[in-house]
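# Examining the three-dimensional arrangement
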Amino acid sequence: MNVIVCVDQNWAIGNKNELLVNIPADKRLFKELTTGGVVLGGRRTMEGLPGGTTLKGRTNIVLTRQRDYQYGDALVVHSVSEALEMLRQYKEDQIYIIGGEKVYQEFLPYCDHAYVTKVAYSYEADTFFPDLDQREDWVITQESEEQTYYDLEYYFYQYHRK
């Protein structure tokens, strides 16, 4: 499985249920990687997607404790074990974990590849992604040249579990 995330220099991912930054090239990469695949996210993450509905061209899976929850054409699961059971029917390299914080923490142990956009800035934040640079079981396998969006610098990284 894959994880895909945009973080600031402190591995922050959000504040008050909002993304920290909106970078068009990051969104393009997200779309390019996930289209035709499966995206799994928590309820708040999925409800915060652009257009207020599921992502087109992908199988959308929502993880929520709400038993009667429905969201567009998304498949709904209520536990990590239920999600993992459902994900068995898909190719592992086509599955992308898209957040939020708790979902990332719960599914990172099942992921072998991470696509990380790192922004060279520190935002006010209340949600974070695990710092892969501090984990001995993850290694950077690819790093882009410096990218810029107005005056914001960022980089695309790929990590792989050792």
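Above this text is the structure in question.
Right, let's walk through the structure included here.

## Description of a negative patch on the surface
Taken together, the side chains of Glu143, Glu145, Glu146, Asp151 and Glu153 make up a negatively charged region of the molecular surface. The residue aspartate 151 is located in the loop between strand 11 (147-149) and strand 12 (152-161) in this model.

## Remarks on the environment of glycine 99
Inspection of the secondary structure assignment puts glycine 99 in the loop between strand 7 (95-97) and helix 4 (101-107). When the C-alpha positions of glycine 99 and glutamine 70 are compared, they lie 18 Å apart, and in sequence the two are 29 residues distant. Glycine 99 has contacts with Leu40, Gly41, Gly42, Thr45 and Tyr104, leaving out every residue within four places of it along the chain.

## As for the pattern of salt bridges
Throughout the structure, instances matching the rule amount to six salt bridges. A salt bridge links arginine 43 to glutamate 47, with the shortest nitrogen-to-oxygen separation between them at 3.1 Å. Of this pair, arginine 43 and glutamate 47 both sit in helix 2 (residues 43-47), four residues apart, roughly one helical turn. Given the relative accessible area of 23%, arginine 43 is considered partly exposed. Glutamate 47 sits in the partly exposed class, given a relative accessible area of 36%. Between lysine 118 and aspartate 133 there is a salt bridge, with the nearest N and O atoms lying 2.7 Å from each other. Taken together, the residues lysine 118 in strand 8 (residues 113-119) and aspartate 133 in the loop between strand 9 (127-128) and strand 10 (138-143) connect sequence positions 15 residues apart. Under the relative-accessibility criterion, lysine 118 is labelled buried at 13%. Put simply, Asp112, Asp137 and Arg161 are held in one network by salt bridges that share partners.

What counts as what
Residues numbered from 1 in each chain as written. Predicted model: local features only at pLDDT ≥ 70, side-chain atom pairs only at ≥ 80, totals over all residues. Heavy atoms only, no water. Patch = residues over 30% accessible without salt bridge, like charges linked within 9 Å, V, L, I, M, F, W, Y side chains within 5 Å. Areas by Shrake-Rupley, 256 points an atom, 1.4 Å probe, with all protein chains shown as cover. Salt bridge = Lys/Arg side-chain N within 4 Å of Asp/Glu carboxyl O. Lys, Arg positive; Asp, Glu negative; His and termini not counted. Charge placed at Lys NZ, Arg CZ, Asp CG, Glu CD. Helix = DSSP H or I, 4+ residues; strand = E, 2+ residues; numbered from the N terminus. Contact = heavy atoms within 4.5 Å. Buried < 20%, exposed > 50% of the residue type's maximum accessible area, 1.4 Å probe, protein only.

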